Structures are given as C-alpha cells and as structure tokens.
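# Close look at the chain arrangement
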Amino acid sequence: METDVVAIIGPQTSIMAHVLSHLANELTVPMLSFTALDPTLSPLQFPFFVQTAPNDLFLMRAIAEMITYYGWSNVVALYNDDDNSRNGVTALGDELEERRCKISYKAVLPLDVVITSPAEIIEELTKIRGMESRIIVVNTFPNTGKMIFEEAERLGMMEKGYVWIATTWLSSLVDSDLPLDLKSLNGVLTLRLHTPDSRKKRDFAARWKKNKTIGLNVYGLYAYDTVWIIAQAVKSFLEAGGNLTFSHDAKLSNLKGEALNLSALSRFDEGPQLLDYIMRTKMSGLTGPVQFHRDRSMAQPSYDIINVVDGGFRQIGYWSNHSGLSTVPPESFYNKPSNRSSSNQHLNSVTWPGGTSVTPRGWVFPNNGKLLRIGVPNRASFKDFVSRVNGSSNHKVRGYCIDVFEAAVKLLSYPVPHEFIFFGDGLQNPNYNDLVNKVANGVYWLPEYATALQNGTVSAIVDERPYVDLFLSDYCKFAIRGQEFTRCGWGFAFPRDSPLAVDMSTAILGLSETGELQRIHDRWLSKSNCSSPHGSQSGDSEQLNVHSFWGMFLVCGIACLVALFIHFVKVVRNFIKHKPEEEEKDIPSPESSRLKKLQTFLAYIDEKEEESKRRFKRKRSSLSMNANSSISSRQI
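In this report, we go over the structure that sits alongside the text. Because the structure is predicted, anything quoted here is derived from the model rather than measured. (Residues numbered from 1 in each chain as written. Predicted model: local features only at pLDDT ≥ 70, side-chain atom pairs only at ≥ 80, totals over all residues. Heavy atoms only, no water.)

## Observations regarding the overall build of the protein chain
Across its full length, the protein chain holds 19 helices and 19 strands. Put simply, the protein chain has 636 residues, and 41% of those count as buried. For the protein chain, the exposed surface amounts to about 36,200 Å²; the carbon and sulfur share of it is 55%. (Helix = DSSP H or I, 4+ residues; strand = E, 2+ residues; numbered from the N terminus. Buried < 20%, exposed > 50% of the residue type's maximum accessible area, 1.4 Å probe, protein only. Areas by Shrake-Rupley, 256 points an atom, 1.4 Å probe, with all protein chains shown as cover.)

## Looking at the sheet that holds strand S4 (residues 74-80)
The mixed open sheet is built from eight strands, whose spatial order is S5-S4-S6-S7-S8-S13-S14-S15. At either margin of the open sheet sits one strand with a lone partner, and together these are strand S5 (102-109) and strand S15 (324-326). Averaged over all pairs of adjacent strands, the angle between their axes in this sheet comes to 25°, without regard to strand direction. When strand S8 (residues 189-193) meets strand S13 (residues 302-309), the two strands line up antiparallel, connected through five bridges. Within S13, the position partnered with Thr190 by the bridge is Ile306. Those strands touched by helix H4 (residues 119-129) are S4, S5, strand S6 (135-139) and strand S7 (163-166), and its axis lies near 160° from that of S5. Sitting on the sheet, helix H6 (residues 168-175) is in contact with S6, S7, S8, S13 and strand S14 (312-320), with an inclination near 75° to S8. (Pairing = 2+ DSSP bridges. Axes fitted to C-alpha atoms, helices over the stretch in contact; angles between N-to-C directions. Contact = heavy atoms within 4.5 Å.)

## Re unusual backbone geometry
For the bond running from Gly10 to Pro11, omega is 0°, close enough to zero to count as cis. Mapping Pro11 onto the fold places it in the loop between strand S1 (8-9) and helix H1 (14-27). Positive phi outside glycine occurs at Thr28, with the angle close to 50°. Relative to the helices and strands, Thr28 is located in the loop between H1 and strand S2 (31-33). You will see that Asp310, though not glycine, has its phi angle at about 50°, which is positive.

## Considering the packing of helix H2 (residues 56-69) against helix H3 (residues 83-98)
At a minimum axis separation of 8 Å, H2 and H3 run at an interaxial angle of 45°. By the angle between their axes, H2 is oblique relative to H3. The crossing of H2 and H3 is right-handed. Of the residues in H3, those touching H2 at Asp56, Leu57, Met60, Arg61, Ile63, Ala64 and Ile67 are Asn84, Gly88, Val89, Ala91, Leu92, Glu95 and Leu96. Residue classes in the contact of H2 with H3 are distributed as nine nonpolar, two polar and three charged. (Parallel < 35°, antiparallel > 145°, perpendicular 65-115°, else oblique. Left-handed = near helix turned anticlockwise from the far one by under 90°. Nonpolar A, V, L, I, M, F, W, Y, C, P; charged D, E, K, R; others polar.)

## Examining H3
Between its first and last C-alpha atoms H3 spans 23 Å; for 16 residues at 1.5 Å apiece the expected length is 22 Å, and the two agree. When H3 is considered as a whole, its buried residues turn out to be Asp83, Asn84, Ser85, Asn87, Gly88, Val89, Ala91, Leu92, Gly93, Glu95 and Leu96. Near the N-terminus of H3, the side chain that reaches the backbone nitrogen of Asn84, with its oxygen 3.0 Å away, is that of Asp82. Two residues or fewer after H3 comes Arg100, characterised by a positive phi angle close to 60°. (Expected span 1.5 Å × (residues − 1). Polar contact = N/O pair within 3.5 Å; in protein donor to acceptor, adjacent residues only side chain to side chain.)

## A short note on the packing of aromatic side chains
The way to describe two aromatic rings as a pair is by their centre distance and the angle between their planes. Taken as a whole, this structure holds 12 aromatic pairs when the rule is applied. Between the aromatic rings of Tyr70 and Trp352, the centroid separation amounts to 5.2 Å while the plane-to-plane angle is 85°, which identifies the pairing as edge-to-face. You can see Tyr70 sitting in the loop between H2 and S4 and its partner Trp352 sitting in the loop between S15 and strand S16 (372-377), a full 282 residues away along the chain. Comparing Tyr70 with Trp352, the two get one shared label, buried. Three or more aromatic residues joined by ring pairs form one cluster here, namely Tyr69, Tyr70, Trp72 and Trp352. The cationic tip of Arg280 hangs over the ring face of Tyr277; the distance from NZ or CZ to the ring centre is 4.7 Å. The ring of Trp363 has Arg361 sitting right over it, with the charged end atom 5.0 Å from the ring centre. (Phe/Tyr/Trp six-rings, centres within 6.5 Å; stacked < 30°, edge-to-face > 60°. Lys NZ or Arg CZ within 6 Å of the ring centre and 35° of its normal.)

## Side note on the environment of Leu20
By the secondary structure assignment, Leu20 is in helix H1. By relative accessible area, which is 26% here, Leu20 ends up partly exposed. For the pair formed by Leu20 and Gly10, sequence separation is 10 residues and the distance between their alpha carbons is 9.5 Å. Residues within four places of Leu20 in sequence aside, it is in contact with Pro11 and Met31.

## Thoughts on the environment of Ala408
Structurally, the position occupied by Ala408 is in helix H11 (residues 400-410). When residues no more than four places from it in sequence are discounted, the contact partners of Ala408 are Met504, Ala507, Ile508 and Leu511.

## Thoughts on the pairing of strand S11 (residues 282-285)
Of the two faces of S11, only one is covered, namely that formed by Met283 and Gly285; the face formed by Lys282 and Ser284 stays uncovered. Relative to strand S12 (residues 288-291), S11 runs antiparallel, the two sharing four bridges. Bridged to Ser284 within S12 is Pro289. Between S11 and S12, which pair antiparallel in sequence order, lie two residues.

## What about the nonpolar core?
Within the largest apolar cluster, 41 residues are counted, with the highest numbers of intra-cluster contacts made by Ile63, Leu92, Leu96, Ile165, Leu191, Tyr303 and Ile305. Considering every element that reaches this core, the biggest residue donor is H2, with eight residues. Non-local contacts of Ile63, meaning those with residues more than four positions away in its chain, are made with Leu92, Val137, Ile165, Thr167 and Leu191. Formed by 31 residues, the second largest nonpolar core is a distinct cluster that contains Met31, Leu265, Phe268 and Met283. (Core = buried A, V, L, I, M, F, W, Y, C linked by side-chain atoms within 4.5 Å.)

## Some thoughts on the sheet that holds S2
Taken together, three strands build an open sheet; the order of strands is S1-S2-S3 and the sheet is parallel. Edge positions in the open sheet fall to S1 and strand S3 (49-51), since each of these has one partner strand only. Across the sheet, H1 touches S2 and S3, and the angle it forms with S2 is around 155°.

## Considerations on helix H15 (residues 499-514)
Here H15 spans 24 Å end to end across 16 residues, near enough to the 22 Å set by a 1.5 Å rise per residue. If you check which residues of H15 are buried, you get Pro499, Leu500, Asp503, Met504, Ala507, Ile508, Gly510 and Leu511. End-on view of H15: buried residues confined to an arc of 155°, all on one side of the axis. In H15, the exposed positions angled more than 90 degrees off the buried face are occupied by Val502, Thr506 and Glu513. (Arc of directions from axis to C-beta.)

## A short note on the pattern of salt bridges
The tally for this structure, following the rule as stated, stands at 16 salt bridges. Here Arg192 ties to Asp304 by a salt bridge, and the two come within 3.3 Å at their closest N and O atoms. Placement of Arg192 in strand S8 and of Asp304 in strand S13 is noted, with a sequence separation of 112 residues between them. Bridged by salt links that share partners, the residues Arg61, Glu65, Glu95, Arg99 and Arg340 form one connected network. (Salt bridge = Lys/Arg side-chain N within 4 Å of Asp/Glu carboxyl O.)

## Section: the side chain of Asp83
Secondary-structure assignment places Asp83 in helix H3. A distance of 2.6 Å separates polar atoms of two side chains, one belonging to Asp83 and the other to Arg86. In contact with Asp83, not counting residues within four places along its chain, are Ser14, Ile15, His18, Asp38 and Gly88.

In short, the description is geometric, and any link to function would need to be established separately.
Structure representation (structure tokens):
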C-alpha cells in the first residue's frame, strides 16, 4: 500500500478485515473481500469495505430455518475464537431466538492457526457428548474442522441420534479436492454458496480443469467476479472523465510506527467516487447476477444444502432469502412473490449419521448422572391427586397425577430417570404461583366447599372436573348439574420449549386412546363413600341427571294415563247416547250380545274418524277458497 492504489482485493480473514478497514477508511481506498464475511463488518462503521459475496448473516439464517424445519429447538455451537467464527455464531443465536430456538451451549476452540493437537477438541467434544442436545453446528476452518470430525468418530459421536451441520468450510474443502476422508463424515449436512448454472460458468470451469493445481470451489468464482467488479467500476469512472490523483495524509505522517512506514501511504482523492461506481455495479458474472442493495448486501443470497453420503455429496435442496427452503433452484422463484409459509418449505430426504433416514429427535437425556427433578405439591387437601407416602422416604409419592405421569413415561421410547421433589409443608396447600413460574395460585375447598353449599353462602361451585369428582365421592348430598363449560385437557408443566413436553403429550394421548387414562381416573377419583342411590357414586353427570328427574317422569306418566282415561270415558258416553240398543225380536245369547256390542262400538269409532276427516277436509277447503278470494280481490 506504499504505492498508489485505487482498490484492494482482500483480506481473506475477518480479523485482518477489521484491522485494515480502518486504514482503508483513512486512505479512502475501496477494499473488496469475497471471504471475510463477518456479519459485523458494517458499512456504517467501515464505509470503504465491500463484501462481494453474501455475508454470514444469511448463512446463519439458512441454518436456523433448517433447524426449525426439522422441528429441533436446542443446538450446540462449536467454533474457533476468532471474529468470523464468533460473530457468525452470535448471528446464529439471534436467528434462532426469533424462531423460539436457542444455542444451549457454545464450545469455543482456540484459533485455527494455533491448534496443533486435538486435546482442546477432545475436551469440548466430551462435554458435548454428556449434554442434552444432539444438534451440533460446526462454524470453523478446514484445519480445525477435519480434526473435529476425526475425534468425533473416535468418541462415537458420528452414530445414530447425532446431527452435524458444517458451515461452508466443508463444501469448500471438498470442492478444492484437498485430502479428506468423506466416509468419516457420513450423514453430515453442509452448505455451499449457490451459483446458478450458466454457459459462462461451465466454460470457465472447463478452462480451470485443464490447468488446475487445486479444485475450483465457489470462492474461486467470487474471486473472479470481484476482479471484474473493480475493472468495470474503474473503466466507467475513467470514461466519465474521472482522474486518479493522490495526496499526502497528514494524520498518518504524525503516527509513529517502527515497523510500519505509514508516512509513505497516500490518500486516494477520488476514492468516494470510485466506491460509488462499485456499488452501482450491475453485471452477469460466474456467480450469477452481480448487484448490490443499498445496505451493501449482495442481491438474492442463496445456498446449496448438501448431504455427505457414502463418501460423496448429494444435494437435498436449496435455501434463499427470497423463498426459504426448496427442492428446486431458487432463481425459479425470483419472479414470483415471496412465500415463506411452512407449507411451502421442502427438502429432500437425508441420510443421517449412522445411516438412518429417520429424522433424529435431536436430544437425549443428559448422560451426566443427574435425574430429572419433578416438583410436586405437598398438599393439605385433595391428596388423591398427589401426596407423600406415610413413613416413606422424602421422594416416595403416590396419587392420580403420579400414576398418569408414570404410565406416560413407560410409553416413551427412551428411559427417563427421575425423582420427585416435594414443594410445601403439607399443612396447607402450596402456592402454585411459586411452583410454576409464579403464574397462578392453586389454593383449594374440601371443607370449604361443603360448608359454603350447606349454609347457603353459595348456590353452586364451579371448578375443574377432577376436583369436583373427588369432592362428590365424599359428600353424597351434592350432585353435578348442567354440562361442562369446556373440554380442554390438562397436563404437566415443563420448562418452555422442553423437548420432553411433546413426547409426554403424545404419550398421554396414547393413554387416553387405550382407555388407561380413564382406568387411572376411576381408580383414584371415582371411588365413593356414598350408599344413597341418589349420590354421586361414579361422578358421572349424565347418570346423576337421570336419577334427579325420576319424580318428573312419574308425574308426566300419571298425567298421560289420566288424560287417556278421560278421553275413553267421553267416547263411551257419546256412544251410549247416540247408539241406543236396538230391540231384537229374538233374544240373543249373552256371548253373542257382548260381541255385537263390541262390533257396534268399533264401527262407531270408525264412523267418528271418517266424520272427523270429512270435517277437516271441509275446513281446509273453506280456508283455501277464502284465501283465493282474497288474492282475486287484491288483483282486481
């Protein structure tokens, strides 16, 4: 830089970019880099620093959306302690937080150039192996990355259940044809900056292949386009009449530096104008359309998502900032409105570590000897729900909720070592405000319920159904009236975003479908001390309602019988009045006389029925004629 320069390509690392960007600002010399992609290299702080490839903010956004797509929530980040790796992981944490996920542990390794032995790597991997999360994001450099996977394989961490996501360092390493044992990476996911297929790109790759010393990775394409960005900007600047002039920088001359000859550096006077031409670049490069947004970011950042399988690569999809995850190239969506809905996100099948195609759960119980500690209320009432076993150790507990929990745990596909921790003194019901995130009080009315109903303080009690069932099992004179307000379920409280919550909910649903949940309910909550047939022996509201209305049914039945009897008497009286006995010449026998009277009575009923039908027809005909007459008069 002691010679007069108008632009700088580089540096390769974000550490050097942070240092040299201050110098570029002072000399007003545009500095372009296609590898120093630290998200914190802001154009506000470093106006003369330009990233000619998408910065790692978009890389971390792609990884966060992959994690969300597969339904995971907690990840471990493994990275070097340098600006690029560290700030990339910070960006990943921010992206995950927006999606209600998080980095549960950050494993920090020394600088890539400092690591000479795997001791630090083994130490961190051993810690990770004993943790809950099995989703590991490796944001590092090739030297460190290769050592990580070598040691992970030795420690048995490339087996079924683990998920490894490597950032772009792995795809670049493979594309460069550098030595790497891909078989040890079977099942790993990695990303590569996406560059659309084009004839220009294929021709360049063919020329490179003829004279190559190493393989061509995607950063080689961005390096080529970066040179052309500067060339076109200088050409446009000169064609517009611009001049290339330099001046002495007094600030640098006053600085003392034994190793740095700062006084020999010159300020590029037309640097701001050239920078403006650079930012207005619009061309078709090897990497696709080259264009900058106003915030200096590259237009349409996108990535290939790759699965290492059987010693090779298999592409499973793409990610773009426009369309998210897809199985078709992102450029096919650019002329359509952005659609980031979950139903529109797709990736092809993956071969995971261990050779399985089943998406890993992403977590296990920590293998650190610690039990899952479950807080239970040490209640003073409603002890059938949960209570301490008398004369037992502190952790012995019984009750309806405990049986449901234990039955659900047995349905899980993995062991859940746990212990119960009592909360409260047993003399009064503990405050649920303290037990469950200080949300609500859980104070309950076995004595209080009965007293309030008996003395008329309240007319009814409204509470959760299980508590009402248990209350009625001891107080037989009360009953359930009406229907339940809601049929919403109940459950156990877990920490927010706990992966165990989903599996336990599924297990409880299984208990409900098999009838086991109802059997546990009946065992604890449907027992009764009532002998009265009107009591609540089963706690079933429908059965109670039937018993409660037996008097009404009796009254209705008697009323119907009385009305039928009165009607029959009236019919017989009318028959006797209008159908007197006919004198017969021959006196019939008593049997034939009774039969004839019955026949006459039935004929009388038939006659009355026919008469009623004729009367009804005449009335309907009369109404119809009246209606027609009314319509005719209105028409006239």
